[in-house]
Amino acid sequence: NTCSYWSARGVPYVPATPLFDKNILKSLLPTPENLGKIYKSAEGKDYVGFFLLRTPVLMVCNPEIINGVLRQDFQKFSANRKPECVREDDPLSQHLLALQGEKWKNLRSKIIPVFTSGKLKSMYYLINERVEEFLRVLDQYEGKPIDAEKFCSQISISSIVSCAFGLDTKCMDPANDRFLKIGRSAFEAGFWKMVKVQLKMFHPAIFNFLRLTGYSKDSSDFCENFIKDVIAHRRASGYTRSDYVDILMKIQKELSERPGQDNGLSDSLIAAQVFSFLVAGYETTTTTLCCALYELAKHPQIVEQVRAEVLESLGTSGCFNYETLMGMELLERVIKETLRKHPPVVFLPRICTETTYLPGTEVMIEKGTQLLIPVLNLHHDPIYVPQPDEFMPERFSNQKQFALPNVPYMPFSDGPRKCIGEHKINGQTFK
Ligand code: HEM
């Protein structure tokens, strides 16, 4: 019974919107506006129940309980979406973001070597090439206004695609580039895209009933076939390049040589993983770059300091490389504060995978219950972050140690399911 679901469990809650209320459609999805109101209504409580239409959801607000859900009791909350979300008939749904349970664990352990700092270092030149091209084009705009969002999205897709399978997307000449067009339509954010993603996550029955798909068949077929062609070409020609396809093919070979391995990594699974890196990396990177530029534009004194740091780093080594990049502390703080103020992933969904207590509490959570961790709201809560609406990179200076364990800072999530591309993004965005 929706009315008594949370009260019967002794959980404070926001009542469901009545069915004939004019706001019923607004209660369908966890928009930032909805989440803001719900988080506010919790006012210092550890958790609060609410409803998306009629689906009960538990928002967890206390950092220690969040730590329990994401790390200590991870096994009981390891899923990020319901099983109905993954349709076996869609080959590209077999990627890490969409898998659960043993399948997820197995695959994650196979592909984690793709993202070690050593691999990133060897891949760094691919990002560098794209950025050099980007800077050449930028020079032509001297003194003229530029569309920063468009530029950030072009540089993101072009460097991710280059790291993924070595394609030069000619990012500055989008009219000629089929991949960029299809890629953009597949990965572009927007109102309907957001509605579809959230419908799939929170109301898979409605999503499946309406026969919606996450990506148009055209774009997922195009990406899958394209990546499979790249694999076949590399296998036939022996051509290598330190990109994701290369690294995954090496892992595929190693796995196939180990006795007693399960199915290893098929070409379809490689294609799905590369696709997921594009999906997971494109929009998040674009948003971060864009928001960083926006904040810098509003804070000219920080721009001067960052510029001085960049020039100093260039002075000693003469050029950018992975090491000089990693040494730029102020730039790192600017990105961290951007991700604090504007986290591209505003909440983390979790599904309880076995009936259990909410960590550290006496609240019993049934298997299948939807949980939500409100990243954006926590990052803006003055209890944890003084002057949350101010852009203050110095929060992250070593002396201030903002990222203490009890401060809920989690743009990349936390625990065994945290973003696999976190190191990659540090290398890419700082540059
Ligand atoms: C600023 C950029 C990025 C941000 C803020 C970000 C954030 C996140 C977050 C919050 C998650 C969800 C983790 C969870 O459910 O607990 C995630 C998952 C993931 N991210 Fe990222 N991400 C970024 C860039 C990237 C890039 C560049 C890649 C790959 C090249 C990537 C690959 C992935 C993958 C594969 C997952 C799924 C992990 C799993 O379920 O095991 N991300 N990311």
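In the block above lies the structure referred to throughout.
Numbering of residues starts from 1 in each chain and follows the order in which that chain's sequence is written. Totals for whole chains, interfaces and linings use all residues, but because this is a predicted model, local features are given only for residues with pLDDT of at least 70 and pairs of side-chain atoms are given and counted only at 80 or more. Side-chain metrics in this entry use all non-hydrogen atoms of the structure; hydrogen atoms and water are not considered.

Caption draft 1: How the structure looks around helix α4 (residues 117-139). Counted at 1.5 Å a residue, the expected span for α4 with its 23 residues is 33 Å, and the 31 Å between its end C-alpha atoms agrees. Taking the largest bend as the criterion, α4 deviates by roughly 40°, centred on M123. The set of residues buried in α4 consists of L120, M123, Y124, L126, I127, N128, R130, V131, E133, F134 and V137. Starting at the N terminus, helices and strands are each numbered in turn, a helix being any DSSP run of H or I of at least four residues and a strand any DSSP run of E of at least two. Here the expected length of a helix is defined as 1.5 Å per residue gap, with one fewer gap than residues. The angle separating two fitted axes, one through the seven residues that finish at a residue and one through the seven that start at it, defines the bend at that residue. Exposed residues in this analysis have more than 50% of their type's maximum accessible area, buried residues have under 20%, and partly exposed residues fall in between, with area computed by a 1.4 Å probe over protein chains only.

Caption draft 2: View of helix α1 (residues 32-42). All buried positions along α1 are accounted for by N34, L35, I38, Y39 and A42. Angular distribution of buried residues about the axis of α1 spans 125°; they occupy a single face of the element. Turned more than 90 degrees away from the buried face of α1 sit K37 and K40, all of them exposed. If you follow the buried residues of α1, they end up packed against β1 (47-52), β2 (55-60), β6 (370-373) and α15 (375-379). In the segment just after α1, E43 is the residue with positive phi, at about 35°. Directions pointing from the helix axis toward each C-beta atom define the arc. Here a residue-residue contact requires only that any non-hydrogen atoms of the pair lie within 4.5 Å.

Caption draft 3: Representation of the site of the ligand within the structure. We call a residue near a molecule or strand whenever a single non-hydrogen atom of that residue lies within 4 Å of it. Around the ligand sit 23 residues, and of these W104, R108, R350, S413 and C419 come closest. W104 is positioned with one of its side-chain polar atoms (N or O) 2.8 Å from an oxygen atom of the ligand. Among the elements of the structure, α3 (101-111), α11 (267-298) and β3 (348-351) are those that each provide at least two residues to the shell around the ligand. Looking at the shell around the ligand, the element that brings in the most residues is α11, giving five residues. Basically, the charged four are Asp, Glu, Lys and Arg, the nonpolar ten are Ala, Val, Leu, Ile, Met, Phe, Trp, Tyr, Cys and Pro, and anything else, Gly included, counts as polar. For the shell around the ligand, the residue count by class is 15 nonpolar, five polar and three charged. N or O atoms within 3.5 Å of each other form a polar contact, as long as, within protein, one can give a hydrogen and the other can take it, and as long as residues adjacent in sequence are counted only when both atoms are side-chain atoms.

Caption draft 4: Representation of the packing of aromatic side chains. For Phe, Tyr and Trp, where Trp contributes only its six-membered ring, two rings pair if their centres lie within 6.5 Å, and the inter-plane angle classes them as stacked under 30 degrees, edge-to-face over 60, or tilted in between. Taken as a whole and assessed by the stated rule, the structure comprises 10 aromatic pairs. Relative to F347, the ring of F202 lies with its centre 5.8 Å away and its plane at 50°, an arrangement referred to as tilted. Residue F202 is located in helix α7 (residues 191-202), and its partner F347 is located in the loop between α14 (329-341) and β3; the two are separated by 145 residues in the primary sequence. The class for F202 is buried, based on a relative accessible area of 2%. Within the aromatic cluster, the residues linked to one another by ring pairs are F115, Y244 and F277. The rule is short: NZ of Lys or CZ of Arg within 6 Å of the ring centre and within 35 degrees of the ring normal puts a charge over the ring. Across the ring face of Y5, the terminal group of R9 is positioned such that the distance to the ring centre comes to 3.7 Å.

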